[in-house]
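# Residue-level structural notes
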Amino acid sequence: MRFIDSHTEGEPTRVIIAGGPDLGSGSMQQRIERFARDFDPVRRAINLEPRGSDALVGALLVEPTRDDCAAGILFFNNTGYLGMCGHGTIGTAVTLAYLGKIGPGVSKFETPVGVVSIDLIDANTVTVRNVASYRHRSDVTVDVPDYGTVTGDIAWGGNWFFLAKGTPCPINLGNERALTDAALKIQQALRDQGISGRDGGEIDHIEFFSEALSHDANSRNFVLCPGGAYDRSPCGTGTSAKIACLADAGALAPDTDWIQESVIGSRFIARYSLNDQGEIIPSITGRAFICSEGSLIQQPGDPFAEGIS
Ligand code: PYC
């Protein structure tokens, strides 16, 4: 399998550009289900150590079903599959530009949760126009062992998020372990207490927020991803979920910038518009940089050819 690695504001993306599994035709949702059912060892080989890492998000390029889309993208990580990935979309767009497959301006991609568009502003800077995002429930309380009652909002930004009010400790890399432990406990408590997104969607991403450290940013966040790794970037779908909550609360007007800082201090600039149906459409601007390209090799007899599970 040929791959190109990039990072988007610190968060890695590995785009499989050749030799990935043939998922046939069908909708993006059908193809990601086929990936999970028939080719999960391929996901593990790409993402898990020793070839990958817990933070890595994989992106498989597939033929789109729609003529107006440049590609279909299926995202996956160390534990399973993602409906959408904001940093991964920025990384994929910069990768396709690096390969000369897209040029400056707007391109559309199909994902399992809908069509997103990107605007390639320069070789490294991309704005993603995400799927419609919304706050599903506000001020939800969850009883978390060792932490007590935690209150937050449940929102969709292409994945399901629990956006806790506040943070158990200051959001910085020195507290990465404590933040991860608290978020994992909230993730488990939501599961145990049957608290979910619309139609039972599993809330597999947890966010904490604090004041930003830089004077011109609006907020700092910590985002726990489904496989237990934290997002080094401010998380594109997580920032979309945040924007949806702010819009729903009347705390952010359309076309107003919201600068979201990550736990490592990198940032996305977010804003939203309303579509004809009055839905919130977040846009996220960030930068990605190519880090490496190569081939994944699985030699006969390698006991970890399919990753360390
Ligand atoms: O940027 O949307 C995102 C994302 C999801 C998981 C990791 N990054």
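From a predicted model like this one, the values you see are computed outputs, not experimental measurements. In every chain, residue numbers begin from 1 and rise along the written sequence. Under the rules for a predicted model, residues below a pLDDT of 70 receive no local features and side-chain atom pairs below 80 are neither given nor counted, while totals for whole chains, interfaces and linings still include all residues. As a rule here, side-chain values cover all heavy atoms of the structure and leave hydrogens and water aside.

## Observations concerning the overall build of the protein
Rules: Numbering of helices and strands starts at the N terminus; helices are DSSP runs of H or I of at least 4 residues and strands are runs of E of at least 2. What the globule rule says is 2.2 Å times the number of residues to the power 0.38, and the radius of gyration is computed from C-alpha atoms. Accessibility here uses a 1.4 Å probe with only protein chains present; expressed as a share of the type maximum, an area under 20% marks a residue as buried, one over 50% as exposed, and anything in between as partly exposed. The criterion used for residue contact is that any of the two residues' heavy atoms lie within 4.5 Å. For the accessible areas, the method is Shrake-Rupley and the probe is 1.4 Å, while residue cover comes only from the protein chains on display. His is not counted, nor are the chain ends, whereas Lys and Arg count as positive and Asp and Glu as negative. The atoms used to mark charge sites are NZ of Lys, CZ of Arg, CG of Asp and CD of Glu.
Scanning the protein for helices and strands turns up 5 helices and 16 strands. Expected size for 309 residues packed as a compact globule is a radius of gyration near 19 Å; at 18 Å, the protein falls within 12% of this value. The principal-axis extents of the C-alpha atoms in the protein amount to approximately 50 × 45 × 35 Å. Counting over 309 residues, the protein shows a buried share of 54%. Within the protein, counting contacts between residues at least 6 apart in sequence, those at least 24 apart form 62% of the total. As displayed, the protein has an accessible area near 12700 Å², and 47% of this comes from carbon and sulfur atoms. Computing the positive centroid from 25 side-chain charges and the negative centroid from 38, the protein places the two 1 Å apart.

## A look at the packing of aromatic side chains
Test applied: Under the pairing criterion, centres of Phe, Tyr and Trp rings, with the six-membered ring standing for Trp, must be within 6.5 Å; the plane angle then separates stacked pairs below 30 degrees from edge-to-face pairs above 60, leaving the rest tilted. Geometrically, a lysine NZ or arginine CZ counts as sitting over a ring once it is within 6 Å of the ring centre and also within 35 degrees of the ring normal.
Tallying each qualifying case throughout the model produces 7 aromatic pairs. Taken together, a centroid distance of 5.7 Å and an interplanar angle of 25 degrees make the contact between Phe222 and Tyr230 stacked. Overall, Tyr230 belongs to the buried group, its relative accessible area being 10%. Through pairs of rings, three or more aromatic residues link up here, namely Phe35, Phe76 and Tyr81. It is Arg232 that lies over the ring of Tyr230; its NZ or CZ is 4.0 Å from the centre. We note Lys242 situated over the ring of Phe209; from NZ or CZ to the ring centre the distance is 4.2 Å.

## Some points on the domain arrangement of the protein
This is how it is decided: Domain segmentation is taken from an automatic or database assignment of domains. Buried area is calculated as the accessible area (1.4 Å probe) missing from two parts once they are joined, with the contributions of both summed. Two N or O atoms count as a polar contact when they lie within 3.5 Å, although within protein this holds only if one can serve as hydrogen donor and the other as acceptor, and sequence-adjacent residues are included solely when both atoms are side-chain atoms.
With domains assigned, the protein is organised as domain 1 (2-130 + 290-295) and domain 2 (134-274). Computed from C-alpha coordinates alone, the two centres of domain 1 and domain 2 are separated by 23 Å. Across the boundary between the two partners, domain 1 contributes 20 residues, which contact 22 residues of domain 2. The contact between domain 1 and domain 2 buries some 1300 Å² in all, and 55% of this surface belongs to carbon and sulfur atoms. Where domain 1 packs against domain 2, one counts 8 residue pairs in polar contact (both at pLDDT 80 or more).

## A few points about the pairing of strand β16 (residues 280-295)
Here is the rule: When DSSP finds two or more bridges between a pair of strands, those strands are recorded as paired.
Across 7 bridges, the pairing between strand β1 (residues 2-8) and β16 is antiparallel. In the sheet register, Ser6 faces β16, and the bridge partner there is Ile290. Note: strand β8 (residues 125-129) against β16, 5 bridges, orientation antiparallel. Counterpart to Val126 in the pairing with β16 is Gly286. Counted between consecutive antiparallel strands, the loop separating strand β15 (residues 267-274) from β16 contains 5 residues, among which Gly278 sits at a positive phi close to 80 degrees.

## Some remarks on the environment of Thr239
Along the polypeptide, Thr239 turns up in helix α5 (residues 236-248). A relative accessible area of 0% places Thr239 in the buried class. Distance from Thr239 to Trp258, taken between C-alpha atoms, is 9.2 Å for residues 19 residues apart in sequence. When residues no more than four places from it in sequence are discounted, the contact partners of Thr239 are Glu207, Asn221, Pro234, Gln260, Phe268, Ala270 and Ile284. Within the structure, the side chain of Thr239 is placed 3.0 Å from the backbone oxygen of Pro234, a separation counted as a polar contact.

## Some points on the side chain of Thr127
Its location among the elements puts Thr127 in strand β8. Thr127 gets classed as buried once you look at its relative accessible area, which sits at 14%. Separated by 2.6 Å, the side chains of Thr127 and Thr285 make a polar contact.

## Details of helix α1 (residues 28-38)
The criterion, for reference: Note: the arc covers the axis-to-C-beta directions of the helix.
Those residues of α1 that fall on the buried side of the exposure criterion are Met28, Arg31, Ile32 and Phe35. End-on, the buried residues of α1 take up no more than an arc of 100 degrees, which puts them together on one face. Where α1 is buried, its residues contact α2 (40-47), β3 (57-62), β4 (71-76), β5 (81-82) and β6 (105-111).

## Examining the nonpolar core
Quick reminder of the rule: The set of buried Ala, Val, Leu, Ile, Met, Phe, Trp, Tyr and Cys residues whose side-chain atoms join them within 4.5 Å is what this entry labels a nonpolar core.
Among the nonpolar cores identified, the biggest contains 58 residues, and Phe162, Phe208 and Phe222 are the most heavily contacted of them. No other element matches helix α4 (residues 176-192), which puts 6 residues into this core. Counting residues domain by domain, this core receives three or more from each of domain 1 (2-130 + 290-295) and domain 2 (134-274). The contacts of Phe208, once residues within four sequence positions are left out, are Ala164, Gly166, Thr167, Pro168, Ile171, Leu179, Ala182, Ala183, Ile186, Arg220, Asn221 and Phe222. Ile16, Ile32, Leu60 and Leu74 belong to the second largest nonpolar core, which has 12 residues in total.

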